[in-house]
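Report on the structure
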Amino acid sequence: MCGILGYTGNRQASDILLNGLAKLEYRGYDSAGLAVLDKGEIKIAKNKGRLKVLEEKIKSGHEISGTCGIGHTRWATHGEPSDVNAHPLWSDDKDVVIVHNGIVENYREIKNKLSEHGYKFYSQTDTEAAVKLIDFYYKQEKNPLKAILKAIKEIEGSYCFVMLFKDFPDEVWGARKDLPLIAGQGKDESFLASDVSAILQDTRQVYYLDNMEIVQLKKGVVRFFDTEGYAKPKELSEVTWDMNAAEKGGFEHFMMKEIHEQARAVKDTFGSVYHSGKINLNEIGLNDENIKSISQIYIIACGSAYHAGAVAQYVIEDLAKIPVRIELASEFRYRNMPMNKNSLAIIISQSGETADTLAAMRRAKENGIKTLAIVNVVGSTIAREADSVFYTMAGPEIAVATTKAYSAQLIACYVLAMQFAKVRNEIDDSYYEKLMSDIQKLPEKIDEILDAKETLEEIAYKFVNSRNAFYLGRNIDYAVAMEGSLKMKEISYLHSEAIAAGEMKHGPISLIEKGMLVAGVMTQKNLYQKIASNMLEAKSRGGFLLIVATRGCENLKEEADLIFYVPETDEHFAASLAVIPLQLLGYYVAVARKLDVDKPRNLAKSVTVE
Ligand code: F6R
């Protein structure tokens, strides 16, 4: 996600901000900017591209003088990476200037309201709605705290805002909801940062802001307020992490950090199309007429994105009753298959740059098929060339093995399935409401699973010397098994195969040896008994049975070597929960084998060659 910084003190703010933002580069970004308040004027510099460009632009900070400022590295979500959309953003008269991390979900409603009051909008960002709403109240109240309080009562979504008010010299203001913000205390200076690594070179004395808190920085003074505007006492903490650990938010690896970011990625992806209690697909280029006319869906992707598509195939077919073919992009691009013009090709890609996926998408377009891309990186080639885009809101993924982007892709697919089913009258209103309720509970359930991760850490040591593993499932559980198996093999180098459980006795069963990991996924009630029988066949040949099952599943309680239960949800969404323990298992086996979890051998994060 974006990086945020604020500073007030006696040193040149632009130097501090450029240094601090450099410490946040590891998070990934596509543009950078800063604003400095000096002698009643706010000066701003920002651009698309690297921090180095910004640094050169302001000649290492010397062209923007002043000792109070804010800075930002942006990972685009609303609006492509560009100079205009880069942060900071400002109110029409530059009275208020803001940097923002997160999503203002109701930005359209806010823009409409402010337009009626004469506000004009120059960027494609949701952030501009926020800064202008704060300005709107600031003009009435003439008081930053009161303006922020009024605005955040109206703003829906998750955010961390850091702001300057032109008429309040030496002050930086911040507010947070669901995203981290840390205040740092130095001698005669103070800091705000989205990530402690940005300020560790200056101070180790920090305050962690609680959710829905507002903070005011003055030189060496930090004050906190609740949502009623009352001052709140807060205890100073000392950071003991080193810089390396700080970048990873205290986790040993980026992969584990990203596993923990999944609840947020899921929530934000859903939130991006869910406004005022409704899912709206118009903004991703799908209206009811388009949806009704679809006669066939092709889902095209590679690797984990293909596995997300494999889940989607079951979910869309079952809910929306549209035939779905899931295609490996590397195969699809060389196939000559007759394609129905009323088809929709759904292209899934985290990076938006995968060579095979891009070529396959172009192939679909040549055949006159409408393309919808589910992509994480805004402005990537696939996003630009697709007819329409559904952006996942996972934020930058650093570990090579995907976790949070995969989880966000699943949510995008569920949303399509639900909406297709509703528009085509394949499900009734009460079931649709149940799906709406269950999809919104997934984030808390993901966190609940993560709270029990130690069980998997302990068991992982059993497989340090293993050479082979099987992952079994049927239907959606088979799609989850494919992803679990890939996680295991790509980071722990333990050879692992996902098998549609019914296929076991057609060959693979001959490979089972004593102690071999056989992981089974059981989230689909009508298939519990079937998969249990397949697992028992493996057990009787010496397999070590590790089951991931939905709470309440009674099968294999006696026979399994370990059952890891995940919370109940609508079965169409079960992949989002069942995959978490399998990601953790792959991770812990790789750690137990002392491997480079974040950068597994021979793999690249973005596969831009065929
Ligand atoms: C596995 C993994 C890969 C990618 C695949 C497609 O953890 O990350 O299998 O899913 O290379 O990449 P994108 O989604 O960028 O098209």
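Look a little higher up for the structure.
Below, the structure is looked at part by part. (Residues numbered from 1 in each chain as written. Predicted model: local features only at pLDDT ≥ 70, side-chain atom pairs only at ≥ 80, totals over all residues. Heavy atoms only, no water.)

Description of the sheet that holds strand β8 (residues 172-177)
The strands that make up a sheet are held in pairs by hydrogen bonds between backbone atoms, and each pair lies either parallel or antiparallel. Overall, antiparallel pairing links the 7 strands, which are arranged β5-β6-β7-β8-β12-β13-β14 in an open sheet. Strands at the two margins of the open sheet, each flanked by one partner only, are β5 (89-90) and β14 (231-232). Across the face of the sheet, helix α5 (residues 144-154) comes into contact with β7 (157-165), β8, β12 (213-218) and β13 (221-225) while running at roughly 160 degrees to β7. (Pairing = 2+ DSSP bridges. Helix = DSSP H or I, 4+ residues; strand = E, 2+ residues; numbered from the N terminus. Contact = heavy atoms within 4.5 Å. Axes fitted to C-alpha atoms, helices over the stretch in contact; angles between N-to-C directions.)

Concerning the sheet that holds strand β23 (residues 468-473)
Taken in spatial order, the 5 strands line up as β24-β23-β25-β26-β27 in an open sheet, and their pairing is parallel. Single-partner strands in this sheet number two, and they are β24 (495-500) and β27 (562-566). Neighbour-to-neighbour, the strand axes of this sheet turn through a mean angle of 15 degrees, independent of strand direction. Where strand β26 (residues 544-550) lies against β27, 5 bridges are found, and the strand directions are parallel. The residue bridging Val548 from the neighbouring strand is Phe564, located in β27.

As for the environment of Arg551
Looking at where Arg551 falls in the secondary structure, it is placed in the loop between β26 and β27. Between the C-alpha atoms of Arg551 and Met522, which are 29 residues apart in sequence, the distance is 9.8 Å. In contact with Arg551, not counting residues within four places along its chain, are Glu448, Tyr565, Val566, Pro567 and Glu568. A polar contact is formed between the side chain of Arg551 and the side chain of Glu448, at a distance of 3.0 Å. (Polar contact = N/O pair within 3.5 Å; in protein donor to acceptor, adjacent residues only side chain to side chain.)

Considering the site of the ligand
Around the ligand, 14 residues are found, and the nearest of them are Ser349, Gln350, Ser351, Thr354 and Glu490. One of the backbone N or O atoms of Gln350 is found 2.6 Å from an oxygen atom in the ligand. One of the side-chain N or O atoms of Lys487 is found 3.0 Å from an oxygen atom in the ligand. In the complex, 89% of the free accessible area of the ligand, which totals 410 Å², lies under the protein chains. A molecule is said to occupy a pocket when more than half its atoms come within 2 Å of that pocket's grid points, and by this definition the ligand occupies the second largest pocket. The set of elements that each furnish at least two residues to the shell around the ligand consists of α10 (303-320) and α17 (476-492). Residue composition of the shell around the ligand, by class: 5 nonpolar, 7 polar and 2 charged. Residue contributions to the shell around the ligand reach at least three from each of two domains, namely domain 2 (246-450) and domain 3 (452-610). (Near = heavy atom within 4 Å. Areas by Shrake-Rupley, 256 points an atom, 1.4 Å probe, with all protein chains shown as cover. 1 Å grid on protein atoms, 1.4 Å probe; cavity = no way out; pocket = protein on both sides within 12 Å on 5 of 7 lines; lining within 4 Å. Sits in = over half its atoms within 2 Å of the grid points. Nonpolar A, V, L, I, M, F, W, Y, C, P; charged D, E, K, R; others polar. Domains from an automatic or database assignment.)

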